[in-house]
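Here are the chains, one letter per residue:
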Amino acid sequence: MKATRCFFTFSHHVFTRGLKEEENLDLLSIYPYPSDQRAFDVTRFELSKHLPQIVELLPEKFCYHGGYSRYCSCKITQDDGTEIVYQVVYRVWKERGKMRFHIESAYPLQERLGRVKKVNFWVICYNLLQGKKLPQPAK
């Protein structure tokens, strides 16, 4: 089997959240991204520190189809031993022979995860490399 590198990028959505209408935040609380103003979120920021390990262990994590062309992985154990349902949403594509994974968002789920279609990480990679159709959500 040929070794292939996967390239991961992260959106600022992993440590920010949408602005609420009734919020009146000072400028220091708003992440300075010109086309997408969002509030810096301490909880998301702290959870985002787990992302390097999540990415490293992605093949072993429970992955599921998050709808559209997005995939998700969740559940992490924090340093104090508590388990948190952490939704990590990523999009995959192949560009100039490189496998790209873009973490679009990551946040703690407030409600229980509903019924989802499990997706094997290696199937995503194999199909991407072979130019085959990526796994689709259950209908």
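Within any chain, residue numbers begin from 1 and follow the written order of that chain's sequence. This being a predicted model, a pLDDT of at least 70 is required before a residue's local features are given, and a value of 80 or more before pairs of side-chain atoms are given or counted; all residues contribute to the totals for chains, interfaces and linings. Side-chain numbers come from the whole structure's heavy atoms, not from hydrogens or water.

Asks: Please give an account of the overall build of the protein that cites residues and values.
Replies: The helix and strand tally for the protein stands at 3 helices and 10 strands. Overall, the protein is about 50 × 35 × 30 Å in size when its C-alpha atoms are taken along their principal axes. Relative accessibility thresholds used throughout: buried, under 20% of the residue-type maximum; exposed, over 50%; partly exposed, between the two (1.4 Å probe, protein chains only). A buried classification covers 37% of the 139 residues belonging to the protein. Working rule for contacts: check all heavy atoms of both residues, and any pair within 4.5 Å makes them a contact. When contacts within the protein are restricted to residue pairs at least 6 apart in sequence, those whose partners lie at least 24 apart make up 48%. Accessible surface, the protein as shown: approximately 9,600 Å² in total, 51% of it carbon and sulfur. Comment: elements are numbered from the N terminus, with helices defined as DSSP H or I runs of at least four residues and strands as E runs of at least two. We get accessible surface area from the Shrake-Rupley algorithm with a probe of 1.4 Å; when it comes to residues, only the shown protein chains can shield them.

Asks: Account for the layout of surface pockets, naming residues and giving values.
Replies: Cavity means a closed set of points on a 1 Å grid over the protein atoms alone, one where a 1.4 Å probe fits but cannot get out, pocket means an open set with protein on both sides within 12 Å along at least 5 of 7 lines, and lining means a residue has an atom within 4 Å of a point. Grid points are joined across faces, edges and corners, and a volume is the space filled by probe spheres set on the points. The computed volume of the second largest pocket comes to approximately 190 Å³. Taken together, Phe62, Cys74, Lys75, Val85, Glu111, Arg112, Leu113 and Gly114 make up the lining of the second largest pocket. Residues are grouped as follows: Ala, Val, Leu, Ile, Met, Phe, Trp, Tyr, Cys and Pro are nonpolar; Asp, Glu, Lys and Arg are charged; all remaining types, including Gly, are polar. Grouping the amino acids of the lining of the second largest pocket by side-chain chemistry returns 4 nonpolar, 1 polar and 3 charged.

Asks: For the side chain of Glu104, give the residues involved together with the corresponding values.
Replies: With respect to the element layout, Glu104 can be found in strand β10 (residues 98-108). The term polar contact refers here to a pair of N or O atoms within 3.5 Å; inside protein, the definition further demands a hydrogen-donor-capable atom paired with an acceptor-capable atom, and it admits residues adjacent in sequence only when both atoms are side-chain atoms. Looking at Glu104, its side chain comes within polar contact range of the side chain of Arg91, at 2.9 Å. Every residue in contact with Glu104, bar those within four places of it in the chain, is listed here: Ser11, His13, Arg70, Val89, Tyr90 and Arg91.

Asks: Go over the environment of Lys118, please, and point to the residues and values.
Replies: Among the secondary structure elements, Lys118 is positioned in the loop between β10 and α3 (121-130). For Lys118, a relative accessible area of 59% translates into the label exposed.

Treat this as a map of the structure, not an account of what it does.
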